[in-house]
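The primary structure of each chain is shown beneath.
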Amino acid sequence: MIINPMYGFPPINIGYGAQLGSAAIAGLNSMSSTAMVDLLSRWLLVSHSRQLAISNPAAAAAIDRYVGGVVGSGISYSTPKESSLIPSDYEWVMPIVSSRFALASKECSLDRQGLLDFSQMQTLAIENMMLSGDIVFVRKPDEYSWTAIESDRVISPYYMCEKTRPAYVDGVFKLINRENGNRIVDGVELDNDGRMVALWILKEAIERPWAVCADQIERIPIEDPDTGLPLCLFVFMPKRPAQYRGVPLLSPVIEQLFLQSAYIQSEGNAAALQASLYGFITSQKPVNDETAPELLSRMEELVPVSGDEEDDGEADSEHTPNVSTEENDDDSDKPTPDFKVAYNGQEARENLYNPRAKPITSGRFMHLADNEDIKFLQSTHPNTNFASYMDATTELIASAVGLPAEVLKLSFNSSYSASRAAIIQAGQKYAQVRTHFISRFVRPVFEVFAYETIKDTVGNDAALYISKSLGSEAIWRAPRLAALDPKVELEAYKLAIDMGLVDADEAALAVYGHRAAGKPKPEPTETENV
């Protein structure tokens, strides 16, 4: 190894370090540190993401595609045909929990406010996870209904900061819980192992959260100390070690989305202006300080504004002002012109030679002054490169958020194979996010419901084991992928059924989203009859 004798480490012009001396990245001066440090300005990142999702079509489409692809109309629960974890003495519990959970999901019983059913709660959770990076659901002990809390209300209790114990430690904002010595980072309380043990949540949104008082915030434990079931669901997808807050989906492309929005607005404004008929009056003798005396003298000939002119009997009464001969206190010798006529003459003179815009209406001819002409703008918008620029930026944005451009734009104009490959690729990304979403939100909600439903019947210990077993063996029905040609899809699945790769139910779920029809239903058991 070649050692730099001056500093004692290899020079930067070889290996991976060679890029540090490249002129192409001379302006790349930003530095990255741990996930905790990089997320210090997370509130600004979330604000930009929300604003772009409101104003930018590509940003709104990316969020919408993930919501529809991951949860669709809702991820539904289905009991397994056989259980290897639940003893045979308790198998009668499975259909009871399944039927009651289906009823609670439809009757908005899982939402403490009673506004959303379970599928709508899933939509709210996945949309806010993608938009803001994370979302929180909390419940009270001995209850299975949840309250959704936006990520802005998860904040550190900065009133704990003292002079002898500063909040700024090791380059990041960290507070210490004086009761147990745990660290608090961005509203998340951590134990010595870095495990999340509680969240600090504002009781209601306030204007200045950094000035929060002790009576405006509360500490909510992550788990119930008696059962170990969650009291707080913190839904987000960490991408780095020691990352305790989520990052919005649009984070990598915020700059590109902002530039695209600015370009769309500028191009749209230019096209709207040129769609109107705009003209300019050009003159070889424009009105300025030098030509004004000449124009004013000519105007005096056309529209006199004083009564000094001699009446030759042939003057047009319409252009001759009425002159009053009544006495005037200030100057009785001079006649007083009628104000209305004088004002009309002055207004006509200003309208003729004022360089302001002159209205052009349908069916109207305008008399221009000497040396004046009208020039109309030529329309050059929309720009010929507008479509190509939008396609290029949209493909870049789609690649950054993990979706094919065809799916993001909902434009399947290529071949069947290419379009189907794009849908399959998007389905793989949806499945990845869905698996994490089920483990973070859907399954814990079901396990809490199962425990609270059967604990009075089978006891706390048995209910806890059964609820965990049902959650681990649950079959979660996801939305099916879009079928470009159902006939071709059915032929492919028919071949798979003949080869024994799948059964009819799996094929029907993949194509139509429900079980195969025409199969006899199993006879109800004694427990179901009861």
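What you see is a predicted model, and the numbers here were worked out from it, not measured in a lab.

Chemist: Residues and numbers for the layout of surface pockets, please.
Modeler: Taken as a whole, the second largest pocket encloses approximately 840 Å³ of empty space. If you go around the second largest pocket, you meet 28 residues; those closest to its centre are W43, V154, I155, Y158 and D186. Of all elements in the fold, only α1 (35–38) and α2 (42–55) reach the threshold of two or more residues within the lining of the second largest pocket. Tallying contributions element by element places α2 first for the lining of the second largest pocket, with five residues.

Chemist: Can you break down unusual backbone geometry residue by residue, with the values?
Modeler: The backbone of D186 shows a phi angle near 55°, a positive value even though the residue is not glycine. Tracing the backbone through its elements, the reader meets D186 in the loop between β7 (183–185) and β8 (188–190). Of note in the backbone geometry, L410 takes a positive phi value of approximately 55° without being a glycine. Tracing the chain through its elements places L410 in the loop between α10 (405–409) and α11 (416–458).

Chemist: Could you give an account of the packing of helix α3 (residues 57–70) against helix α5 (residues 118–132), with specific residues and numbers?
Modeler: For any two helices packed against each other, the geometry is given by the interaxial angle and the distance between the axes. Packing of α3 against α5 brings their axes to within 9 Å, and their N-to-C directions diverge by 145°. The two elements α3 and α5 cross, and the hand of that crossing is right-handed. Across the interface between the two elements, I63, Y66, V67 and V70 of α3 pack against T123, I126, E127, M130 and L131 of α5. Among the residues forming the contact of α3 with α5, the class breakdown is seven nonpolar, one polar and one charged.

Chemist: Describe the sheet that holds strand β9 (residues 196–202), naming the residues involved and giving the relevant values.
Modeler: Reading across the sheet, the five strands line up as β6-β7-β8-β9-β10 and stay open at both edges, with antiparallel pairing between neighbours. Edge positions in the sheet fall to β6 (175–176) and β10 (217–221), since each has one partner strand and no second. In this sheet, β10 lies alongside β9 in antiparallel orientation, the contact comprising five bridges. In the sheet register, L199 faces β10, and the bridge partner there is I220.

Chemist: Explain the nonpolar core to me, using residue names and the numbers behind them.
Modeler: In terms of nonpolar packing, the biggest core is built from 65 residues, with I126, F137, F437 and F441 touching the most fellow members. Considering every element that reaches this core, the biggest residue donor is α11, with 16 residues. In contact with I126, not counting residues within four places along its chain, are V67, V70, V71, V433 and F437. Grouped together as the second largest cluster of nonpolar side chains are 16 residues, L199, I222, C232 and F236 included.

Chemist: Tell me about the sheet that holds strand β3 (residues 147–150), and name the residues and values.
Modeler: Taken together, three strands build an open sheet; the order of strands is β3-β2-β11 and the sheet is antiparallel. Of all the strands in the sheet, just β3 and β11 (232–236) have a single pairing partner and so form its edges. Averaged over all neighbouring strand pairs, the angle between strand axes comes to 25°, with direction disregarded. Across the sheet, α11 is in contact with β2 (134–138) and β11; its angle to β11 comes to roughly 160°.

Chemist: Tell me about helix α4 (residues 93–106), residues and numbers included.
Modeler: Across its 14 residues, α4 extends 20 Å between first and last C-alpha, which sits within 8% of the 20 Å expected from 1.5 Å per residue. Looking at the buried positions of α4, the neighbouring elements they touch are β1 (76–78), α5, α11 and α12 (460–473). In the stretch just after α4, C108 is the one whose phi turns positive, near 60°.

Chemist: Could you give an account of the packing of α11 against α12, naming the residues involved and the relevant values?
Modeler: In the contact formed by α11 and α12, the axes pass within 8 Å of each other and the chain directions differ by 150°. Crossing handedness for the pair α11 and α12: right-handed. In this structure, α11 contributes R443, F446, E447, A450, Y451, I454, K455 and V458 to the contact, and α12 contributes N460, A462, A463, L464, I466, S467, K468, L470, G471 and S472. Of the residues that constitute the contact of α11 with α12, the class distribution is 10 nonpolar, four polar and four charged.

Chemist: Would you mind going over the packing of aromatic side chains in detail, with residue names and values included?
Modeler: As enumerated under the stated definition, the model contains 15 aromatic pairs in all. Arranged with centres 5.5 Å apart and planes meeting at 35°, the rings of F437 and F441 form a pair that is tilted. Highlighted residues: F437 and F441, both in helix α11, separated by four residues, approximately one helical turn. F441 shares its class with F437; the two are buried. Stacked on the ring of F236, the Lys or Arg R440 has its end atom at 4.7 Å from the ring centre.

Calculation criteria
Numbering of residues starts from 1 in every chain and runs along the sequence as written. Per-residue local features of the predicted model are confined to residues with pLDDT of at least 70, and side-chain atom pairs are confined, for both listing and counting, to 80 or more; whole-chain, interface and lining totals are unaffected and use all residues. Neither water nor hydrogens contribute to the side-chain values; these are computed over all heavy atoms in the structure. In the cavity and pocket records, a cavity denotes points on a 1 Å grid over the protein atoms alone where a 1.4 Å probe fits but cannot get out, a pocket denotes an open set with protein on both sides within 12 Å along at least 5 of 7 lines, and lining residues are residues with an atom within 4 Å of a point. Grid points are joined across faces, edges and corners, and a volume is the space filled by probe spheres set on the points. Here a strand is any run of E in DSSP of at least two residues, a helix any run of H or I of at least four, and the numbering for each starts at the N terminus. For every element, the axis is a line fit to its C-alpha atoms; helices are fit only across the contacting stretch, and the angle between N-to-C directions ranges from 0 to 180 degrees. Handedness of each helix crossing follows the sense of rotation of the near helix against the far helix: counterclockwise by less than a right angle gives left-handed, clockwise gives right-handed. When checking whether two residues touch, look at their non-hydrogen atoms; a contact exists if any pair is within 4.5 Å. Side-chain classes follow a simple rule in which Ala, Val, Leu, Ile, Met, Phe, Trp, Tyr, Cys and Pro form the nonpolar group, Asp, Glu, Lys and Arg form the charged group, and the remainder, Gly included, forms the polar group. When DSSP finds at least two bridges between two strands, those strands are taken to pair. Buried Ala, Val, Leu, Ile, Met, Phe, Trp, Tyr and Cys residues that are joined via side-chain atoms within 4.5 Å together make up what is termed a nonpolar core. Each residue is placed in one exposure class: buried if its accessible area under a 1.4 Å probe, protein chains only, is under 20% of its type's maximum, exposed if it is over 50%, and partly exposed if it falls in between. Multiply 1.5 Å by the residue count of a helix minus one, and that product is the helix's expected span. The pairing test for Phe, Tyr and Trp rings, Trp by its six-membered ring, is centres within 6.5 Å, and the orientation test on the planes gives stacked under 30 degrees, edge-to-face over 60, and tilted for anything in between. In this scheme, the term charge over a ring applies when either NZ of a lysine or CZ of an arginine sits within 6 Å of the ring centre and within 35 degrees of the ring normal.

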